[in-house]
Amino acid sequence: MLALLFRQCSASPLCTASQARLFSTSLALQYNRKNNASTIRVPSKKAQAAKARRKALIAAKEDSRYLKLTLEDAVSVLRAVEVASPTSTYELTVKTNIGNGVAVPRGRVNLPREAKVKTEDKILVFAEGRLAEDAKKAGAHIVGGIELIDGILSNRIRATTILCTPALIRTITPKLGRFLGPLGLMPSERRGTVTEDMAGYIQKLRGSSEWRADRTGTIRAPIAMMNFPVDDVVNNFRQFLLSVKRATGNSKEPETAADRKSGARPVTPITKVMLSSTKGPGIRIEDF
């Protein structure tokens, strides 16, 4: 139908050259497109850096508006608020600025005085031969080789901590990497969960508890009871923050020999530290 109409228009004396141009792009339109493409401005690196500095100054000015207290003063305020609730807990919140492609911070900490009864870890170990026997003697709940992979993928086998020997890590990674990675359970040399010292690592698990940030980089954990002496609250706070600083690269002291071997890691900035209680307010801590 369209071809028939076009033939009729071409044969008709009423069909002018201006009407025929409707089927093609005019030179003026092509010229304007070229000019518009050439006038797009790309900010230079210097301009981008200046913009980043301005944003940082605005953020720092906004942050300075909020009241901050020392750790001891914050503890005193919360104790006064919770004077009628001696069984309330101190809640610690640490906010980190995680970048693209950076794993969420996680680690283990052994508090000087535990704030609550710890739940027992269910430990799964990929090991064979002598190392498998060592893991069983140390108290691992599930020990085996590649035959455990299908059970993990189908959720028939579940564990809160998974260890692996160096000899098996390359075998299990292709099948379990994408499944266990998002859960934070994939064995890693950096975290020390790929090791031959199964007994030593399992012993360390017995005396520590795990913490982990959420996807926004926020870490929340109870660190003490309201009826603890002030010194115990302060010691627990400092110990927990030390563990977070090591895991985020903000501490100069490496946590383990695996950290020393892997070298420097990307630093994840700690942007905010708050202490609160069950019924009390969240108080910004300035001396962390």
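Attention here is on the structure that accompanies the text. Here the structure is a predicted model, which is why all the values come from computation and not from measurement.

A closer look at the layout of surface pockets
Considering only enclosed or pocket space, the largest pocket measures out at about 880 Å³ in volume. Lining the largest pocket are 41 residues, with P105, R106, G107, R190 and R191 positioned closest to its centre. Listing elements by their share of the lining of the largest pocket, those giving two or more residues are β3 (106-109), β6 (161-164), α9 (198-206), β7 (209-212) and α10 (230-247). For the lining of the largest pocket, the element with the highest residue contribution is α10, accounting for five residues. Taken together, the residues of the lining of the largest pocket break down into 15 nonpolar, 13 polar and 13 charged. Two domains each put at least three residues into the lining of the largest pocket: domain 1 (66-116 + 209-250 + 265-285) and domain 2 (123-205).

Quick look at α10
Across its 18 residues, α10 extends 26 Å between first and last C-alpha, which sits within 8% of the 26 Å expected from 1.5 Å per residue. Buried within α10 are the following residues: V233, V234, N236, F237, F240, L241, S243, V244 and A247. Residue G249 follows α10 closely and has a positive phi angle near 80°.

Considerations on the packing of helix α6 (residues 130-138) against α9
At a minimum axis separation of 8 Å, α6 and α9 run at an interaxial angle of 25°. If you check the angle between α6 and α9, you find them roughly parallel. Judged by the sense of rotation from one axis to the other, the crossing of α6 with α9 is right-handed. The residues of α9 that touch α6, namely those facing L131, A135 and A138, are M198, A199, I202 and R206. A class-by-class count of the residues in the contact of α6 with α9 yields six nonpolar, no polar and one charged.

Conventions we followed
- Residues numbered from 1 in each chain as written.
- Predicted model: local features only at pLDDT ≥ 70, side-chain atom pairs only at ≥ 80, totals over all residues.
- Heavy atoms only, no water.
- 1 Å grid on protein atoms, 1.4 Å probe; cavity = no way out; pocket = protein on both sides within 12 Å on 5 of 7 lines; lining within 4 Å.
- Points joined across faces, edges and corners; volume = space filled by probe spheres on them.
- Helix = DSSP H or I, 4+ residues; strand = E, 2+ residues; numbered from the N terminus.
- Nonpolar A, V, L, I, M, F, W, Y, C, P; charged D, E, K, R; others polar.
- Domains from an automatic or database assignment.
- Expected span 1.5 Å × (residues − 1).
- Buried < 20%, exposed > 50% of the residue type's maximum accessible area, 1.4 Å probe, protein only.
- Axes fitted to C-alpha atoms, helices over the stretch in contact; angles between N-to-C directions.
- Parallel < 35°, antiparallel > 145°, perpendicular 65-115°, else oblique.
- Left-handed = near helix turned anticlockwise from the far one by under 90°.
- Contact = heavy atoms within 4.5 Å.

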